[in-house]
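Analysis of the macromolecular model
This is what each chain is made of:
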Amino acid sequence: MQYKLFCIPYAGGSAAVYYSWKKHLPTSVEMVPIELAGRGNRLKEPFYESMKAAVGDVFSIIREEVGDNDEYAVLGHSMGSWIAFEVAQKIFSSPEIKKPCHLFFSGNYPPHYSLGTGTIHLLPEKEFQQEVMKIGGTPKIIFENEDLRKLFSPIIRADYKLLERYNGSANSSLPCDCDVTVLCGKDDNINERQALEWERYAGKRFSVCFFEGGHFFINEAPESVADCIAAALNISPAASGSKGKSGPSLSAHF
């Protein structure tokens with residue numbers, strides 16, 4: 001069985017954040033990193049003004065890529081997980097596109113934790129940088145180098161605007177009619193109880209995997225993440241190219 005895996009980046013990230021995964025994923029999985037507007041090869045496009053706009057754009061990209069005979073999954077990390085969730089809601093209510101076989105929500109709380117009241121994106125530049133650095137994962141040079149700061153700071157601020165205006169607690173979402181796997185870093189702020197709350201959005205099988213690392217464990221443990229994806233898609237780990245490093249700990253499997 002061949003699969004397409006659509007990958008949606010985190011706040012401030014581009015499609016390139018997933019390129020290092022290619023050598024670890026099974027050959028039967030075609031990774032399709034999604035480039036969001038305003039970065040990468042879409043640098044000249046305006047940023048999204050709302051989560052709805054981002055979701056509509058990503059939905060269109062996936063719809064163009066998916067054929068009637070394609071099996072596919074959608075993965076998003078951090079901000080990308082909420083985009084992936086809302087895109088899945090749109091897909092499952094649309095007759096125009098085949099449904100995914102699996103959803104991977106990584107490095108984030110369930111949508112109902114978002115109240116749409118965040119204010120970090122409104123802070124003056126220095127305070128904004130300080131708050132972003134507290135979360136980790138952003139190289140110091142991004143803000144220390146003036147050219148890099150001018151390029152990346154607007155991207156990160158625009159993404160925080162999406163996140164902080166997203167009121168996931170207000171939607172009346174139905175469970176997604178497919179398997180769901182949640183990925184978390186052991187040293188991130190999300191605990192097991194909070195991760196398990198994603199189950200309310202799973203229409204079929206549900207599992208949670210914890211990995212060594214913090215919020216950006218996807219960069220710290222790509223082989224283990226690839227093994228988790230392979231297992232979730234029922235692909236033999238031997239086919240994934242794993243070199244035998246320690247894998248994730250499975251916290252729940254339903």
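The structure displayed is predicted, hence computed values, not measured ones.

What follows is about the overall build of the chain. Counting its regular elements, the chain contains eight helices and seven strands. Here the chain has a C-alpha radius of gyration of 17 Å; the compact-globule value for 254 residues is 18 Å, and the two agree. Across its three principal axes, the chain shows a C-alpha extent of roughly 50 × 40 × 35 Å. Counting only residues that meet the buried cut, the chain has 53% of its 254 residues in that class. Taking all contacts inside the chain whose residues are at least 6 apart in sequence as the whole, residues at least 24 apart take part in 78%.

Tracing the chain through its elements places Gly67 in the loop between helix H1 (51-65) and strand E3 (71-77). Looking at Gly67, the relative accessible area reads 28%, which means it is partly exposed. Considered as a pair, Gly67 and Lys98 are 31 residues apart in the sequence and their alpha carbons are 7.5 Å apart.

What follows deals with the pairing of strand E6 (residues 206-211). Of all six residues that make up E6, six are buried, and the element is covered over most of its length. Covered by surrounding structure in E6 are Phe206, Val208 and Phe210 together with Ser207, Cys209 and Phe211, the residues of both alternating faces. Summarising the sheet, strand E5 (residues 179-185) and E6 pair through six bridges and their orientation is parallel. Its bridge partner being in E6, Val182 is matched across the sheet by Val208.

Parameters and conventions
Residues numbered from 1 in each chain as written. Predicted model: local features only at pLDDT ≥ 70, side-chain atom pairs only at ≥ 80, totals over all residues. Heavy atoms only, no water. Helix = DSSP H or I, 4+ residues; strand = E, 2+ residues; numbered from the N terminus. Rg over C-alpha atoms; globule rule 2.2 N^0.38 Å. Buried < 20%, exposed > 50% of the residue type's maximum accessible area, 1.4 Å probe, protein only. Contact = heavy atoms within 4.5 Å. Pairing = 2+ DSSP bridges.

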